[in-house]
Amino acid sequence: FVPVLHTWSCYECFKVILFVCSGLMLIKLILFILIAFFCFIGCALKNCCCKQQRSKFLEYYIRFWVRVALFFIFGFYYIPVTYPIKKFTKWPTLIVANHVSLIDAFILVYLTGCVFVAKKELQRIPVIGMTMTALGTVWVARGSKKGRKQVIETIKNYVNTADNAPLTIFPQGTTSNISTITQFKPGAFIPAVTVLPCAIKYTNKFCDVALLDGLFANGLRVGCQFINFVNVEFLAPYSPNTEEQCDAVLFAQNVRSEIAKTLHANMTLHTFEDLLLFEFAQRLKRKQEIGGANMIERAPFIMDDCYRRLHMKAKTVIELGKIYMQYCDANGVITLPQFQNVFQIRDPMFAEKLFDVIMGERMNAMSSQTVNKERQPEPKDEEEEEEKEKEEKDRFIMFDDFLVAVAIVYQNEHIEDALLLFFSMVDRDSDGVVTAKDVMQHVQIVEKDVQSSFGTDMEAFCMEVFGIENIN
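Fair warning: this is a prediction, and the values are worked out from it, not measured in the lab. (Residues numbered from 1 in each chain as written. Predicted model: local features only at pLDDT ≥ 70, side-chain atom pairs only at ≥ 80, totals over all residues. Heavy atoms only, no water.)

(A) Structural view of the environment of threonine 316. Mapping threonine 316 onto the fold places it in helix α13 (residues 314-327). Judged by its relative accessible area of 39%, threonine 316 falls in the partly exposed class. As for threonine 316 and leucine 403, which are separated by 87 residues in sequence, their C-alpha atoms are 9.7 Å apart. (Helix = DSSP H or I, 4+ residues; strand = E, 2+ residues; numbered from the N terminus. Buried < 20%, exposed > 50% of the residue type's maximum accessible area, 1.4 Å probe, protein only.)

And the structure:
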């Protein structure tokens, strides 16, 4: 997996300097602000007159100003469009397209008058929310599993309602260059309705307009072109067969394949989240190489394991990766002292037990090595100290251990592991049996750690549960 980002050629840098120094970029910026203002005025009037109804007048009004922006600001003087047979008199209600740049949305709005899906939180933003509502944005609540189900139902209800403007979705969830199409997310295909595939291809010779290096850089790159070129091809409407209706992933793959054939592009199994994971792995590897220990080579991290074994999504792993990078040492690992300090565990024994359980299989391998060493002649005191120091250095948590720990603590699927972890922490003397005395010691540690009591007589409770008259 090798992500390819933009490189600024001398010619591109010359054009940027020319447009900026000559004042052309300033003129384009002012024009963009004026167009946005006129669109806002139209949306405000529409909300006052017919808030809940689709307005054909507003649709053509917005499409006119979008075309002005594409022509004068972005340099798309001519946009050739190919249709499967002839131009649609009525657009299919769901359009899916490859996503290269923010310009894609402008082009599709101009050609089809389509609307988009957006998070409901944006609706509360004063100016943006009002404008997007007037444009017919389909608002959805994302986040929880219940929210995702509601998103699917909302999309399904929208596309099955007559006379709605076409709804456009970019199933990649992000942008990629025109030579490769990343994986399509299945969400848009779960409703199992007919979709209109759309292939967007930018044919600039010197400028790659793909949004890969930030919105500002992309806008600057596109805006500083003398002319831009794009071809838009609408394919034949794709109706899912019986198998695809039951399998949204298969449906998404087949539609992606049709778009890729049209663009003569490669298909990859990677997603945008894979790029973020790749960047995290590169940062971690650089840190480990500086520290002199390449832990990634010793225990490679495989994303597939997170899906199959830990039931973690890529976004979750990325967020946990950011947390891990804040706390790991120069070697890219977390040692016992750091573990105790970072998680503010006051009891050393408690910290050590928890740390050892999280280390899991690595600790088992270490204990087997210790057994082998015990068969050898006993070392001298100095050698014992050196051996002890070496063993302490080998006690660490890597990123995969960190993920396992989070899964054990927070996921219902790992309840047995969580119970084993709890048992090992309460079993203070490590004899494999939890006694009332062990429970009381654990309670006292927890009360001290959180600086609060359980608000009940724990001794009496333990004596009643264990059927004894004295804790000791």
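Having seen the structure, we can now continue with the description.
(B) Focus on the environment of lysine 149. As for its placement among the helices and strands, lysine 149 is situated in helix α6 (residues 145-159). In this structure lysine 149 comes out as exposed when scored by relative accessible area, which is 60%. In sequence terms lysine 149 and glycine 187 are 38 residues apart; their C-alpha atoms lie 9.7 Å from each other.

(C) Spatial organisation of the sheet that holds strand β3 (residues 115-119). Sheet architecture is open: seven strands sit in the order β1-β8-β7-β2-β5-β3-β4, paired in mixed fashion. Each edge of the open sheet is held by one strand with a lone partner, namely β1 (81-82) and β4 (138-140). Sheet topology note: the strand β2 (residues 94-97)/strand β5 (residues 167-169) ladder contains three bridges and is parallel. Bridging from a neighbouring strand, valine 96 pairs with isoleucine 169 of β5. Contacts from helix α9 (residues 248-263) reach β2, β7 (196-202) and β8 (230-234) within the one sheet, and its direction differs from that of β7 by about 35°. (Pairing = 2+ DSSP bridges. Contact = heavy atoms within 4.5 Å. Axes fitted to C-alpha atoms, helices over the stretch in contact; angles between N-to-C directions.)

(D) Looking closely at the confidence of the model for the protein chain. Counting all residues, the mean pLDDT for the protein chain is 76, and 70% of those residues have values of 70 or more. Note on residues 293-300: pLDDT under 50 across the span, and 18 contacts to partners over four residues away in sequence or across chains. Low confidence marks residues 361-376, where pLDDT is under 50. Its contacts with residues over four positions away, or in another chain, come to twelve contacts. (pLDDT = per-residue confidence, 0-100.)

(E) Expanded view of helix α3 (residues 56-73). Taking 1.5 Å of rise per residue, 18 residues should cover 26 Å, and α3 covers 25 Å from first to last C-alpha, within 8% of that figure. Among the residues of α3, Leu58, Glu59, Ile62, Arg63, Trp65, Val66, Arg67, Val68, Ala69, Leu70 and Ile73 are the ones counted as buried. Buried residues along α3 sit in contact with α2 (24-49), α4 (103-112), α5 (126-134) and α7 (215-223). Once α3 finishes, glycine 75 follows within two positions and takes phi at roughly 75°, a positive value. (Expected span 1.5 Å × (residues − 1).)

(F) Examining a nonpolar patch on the surface more closely. On the surface, a nonpolar cluster with roughly 1,100 Å² of combined accessible area is contributed by Tyr11, Phe14, Leu18, Phe71, Phe72, Tyr77, Tyr78, Phe206, Phe226, Ile227 and Phe229. For the nonpolar patch, the element with the most residues is helix α1 (residues 10-21), which contributes three residues. Mapped onto the fold, leucine 18 is located in helix α1. (Patch = residues over 30% accessible without salt bridge, like charges linked within 9 Å, V, L, I, M, F, W, Y side chains within 5 Å. Areas by Shrake-Rupley, 256 points an atom, 1.4 Å probe, with all protein chains shown as cover. Salt bridge = Lys/Arg side-chain N within 4 Å of Asp/Glu carboxyl O.)

(G) How the structure looks around the nonpolar core. One finds Phe76, Tyr202 and Phe234 to be the most contacted residues of the largest nonpolar core, which totals 39 residues. Top contributing element to this core by residue count: α3, with eight residues. Formed by 29 residues, the second largest nonpolar core is a distinct cluster that contains Val159, Leu167, Leu235 and Ala265. (Core = buried A, V, L, I, M, F, W, Y, C linked by side-chain atoms within 4.5 Å.)

(H) Layout of the packing of aromatic side chains. Following the criterion strictly, the structure yields 17 aromatic pairs and no others. Ring centres 6.2 Å apart and planes at 20° place the aromatic pair phenylalanine 116 and phenylalanine 170 in the stacked group. Placement of phenylalanine 116 in strand β3 and of phenylalanine 170 in the loop between β5 and β6 (180-181) is noted, with a sequence separation of 54 residues between them. A centroid spacing of 5.1 Å and a plane angle of 70° characterise the contact between phenylalanine 189 and phenylalanine 251, whose relative ring orientation is edge-to-face. Residue phenylalanine 189 is located in the loop between β6 and β7, and its partner phenylalanine 251 is located in helix α9; the two are separated by 62 residues in the primary sequence. Assigned by exposure class, phenylalanine 189 and phenylalanine 251 land together as buried. Taken together, the ring pairs connect Phe37, Phe38, Phe57, Tyr61, Phe64 and Trp65 into an aromatic cluster. Taking the ring centre of tyrosine 110 as reference, the NZ or CZ of arginine 67 above it sits at 5.2 Å. (Phe/Tyr/Trp six-rings, centres within 6.5 Å; stacked < 30°, edge-to-face > 60°. Lys NZ or Arg CZ within 6 Å of the ring centre and 35° of its normal.)

(I) Representation of the pattern of salt bridges in the model. If you walk through the whole model with that rule in mind, you get three salt bridges. Ionic pairing is found between lysine 15 and glutamate 12, a salt bridge with its closest N-O pair at 3.1 Å. In this pair, lysine 15 and glutamate 12 both sit in helix α1, three residues apart, roughly one turn of the helix. Two residues, glutamate 59 and arginine 63, come together in a salt bridge whose shortest N-O distance is 3.3 Å. With glutamate 59 and arginine 63 both in helix α3 and four residues apart, the pair spans about one turn of that helix. Residue glutamate 59 shares its accessibility class with arginine 63, and that shared class is buried.

(J) Geometry of unusual backbone geometry. One non-glycine residue, alanine 192, adopts positive backbone phi at about 60°. Within the element layout of this structure, alanine 192 appears in the loop between β6 and β7. With a phi angle near 55°, histidine 264 is a residue other than glycine that sits in the positive phi range. With respect to the secondary-structure elements, histidine 264 resides in the loop between α9 and β9 (266-267). Owing to a relative accessible area of 71%, histidine 264 belongs among the exposed residues under this scheme.

(K) Focus on the packing of α2 against α3. Contact pair α2 / α3: the axes reach a minimum separation of 10 Å and the direction vectors enclose 175°. The pairing of α2 with α3 is recorded here as roughly antiparallel in orientation. Here α2 contributes Lys28, Leu31, Phe32, Ile35, Phe38, Cys39, Gly42, Cys43 and Lys46 to the contact with α3, which in turn contributes Leu58, Tyr61, Ile62, Trp65, Val68, Ala69, Phe72 and Ile73. Residue classes in the contact of α2 with α3 are distributed as 14 nonpolar, one polar and two charged. (Parallel < 35°, antiparallel > 145°, perpendicular 65-115°, else oblique. Nonpolar A, V, L, I, M, F, W, Y, C, P; charged D, E, K, R; others polar.)

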